[in-house]
Amino acid sequence: MAKEIKPEDILQTAQSFMECKILHSAAELNLFTVLSQRPMSAREVADIISGDVRALSVLLDAIAAMGLLIKDVQTYECPPIFAQLLSDKSPQTLLPMVLHMASLWKRWSRLTDIVKGIDGASGEFDLAHNPEEQRAFIGAMHSIGASLAEKIAAAAGPGSARALLDVGGGSGTYTIA
């Protein structure tokens, strides 16, 4: 039997993009890396990223409301767990995956036009012509593979093999393992 759907459920789904886009913008602006160094005011962060203080304050407040930053009067700070997961300085970062998702967002945002066949809406996902998207994609694949690479390498049991052919190995995650 189908689950009972309430109007609130539909509205929740319709607005769920907001938190997602807040996270994407924070990642694109590299705010978690900036704020993992020390607590800063919106003015200090705006100076670092060359941003608009008022707009940045609204974004930082939204990120804090989501629980991803700590706000103390006029300063913002990135908690250690989010610095580990979302700073470009951390080996455990998921930042490339979030950036890749932000890149995909742009294509998904054109879904209606693509379905309607509106000219110019079909643009390919072309990593070869966009180095930032390429970097985000390779980093995303590394983020996904890093936790499994050692297990996969052990399961493959290379034994006494002295050579390896890695076709399309991206960042080399599995080759390194």
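Our structure is the block above this text.
Source: prediction; values computed, not measured.

1. Notes on the nonpolar core
Phase 1: Counting residues in each nonpolar core, the largest one holds 24 residues, and the members touching the most others are Leu 31, Phe 32, Leu 35, Val 45, Leu 60, Ile 63 and Leu 69.
Phase 2: Counting only elements with at least two residues in this core, the list comes to helix H2 (17-28), helix H3 (31-37), helix H4 (42-49), helix H5 (53-65), helix H6 (80-86) and helix H7 (95-108).
Phase 3: Top element by residues in this core is H5. It accounts for five residues.
Phase 4: Every residue in contact with Val 45, bar those within four places of it in the chain, is listed here: Leu 31, Val 34, Leu 35, Met 40 and Leu 56.

2. Looking at the packing of H4 against H5
Phase 1: Between H4 and H5, the shortest axis-to-axis distance is 9 Å and the interhelical angle comes to 115 degrees. One finds that H4 runs roughly perpendicular with respect to H5. The hand of the H4/H5 crossing is right-handed. Packed against H4, whose contacting residues are Ala 42, Arg 43, Val 45, Ala 46 and Ile 49, the element H5 presents Val 53, Leu 56, Ser 57 and Leu 60 at the interface.

Cut-off values and rules
Residues numbered from 1 in each chain as written. Predicted model: local features only at pLDDT ≥ 70, side-chain atom pairs only at ≥ 80, totals over all residues. Heavy atoms only, no water. Core = buried A, V, L, I, M, F, W, Y, C linked by side-chain atoms within 4.5 Å. Buried < 20%, exposed > 50% of the residue type's maximum accessible area, 1.4 Å probe, protein only. Helix = DSSP H or I, 4+ residues; strand = E, 2+ residues; numbered from the N terminus. Contact = heavy atoms within 4.5 Å. Axes fitted to C-alpha atoms, helices over the stretch in contact; angles between N-to-C directions. Parallel < 35°, antiparallel > 145°, perpendicular 65-115°, else oblique. Left-handed = near helix turned anticlockwise from the far one by under 90°.

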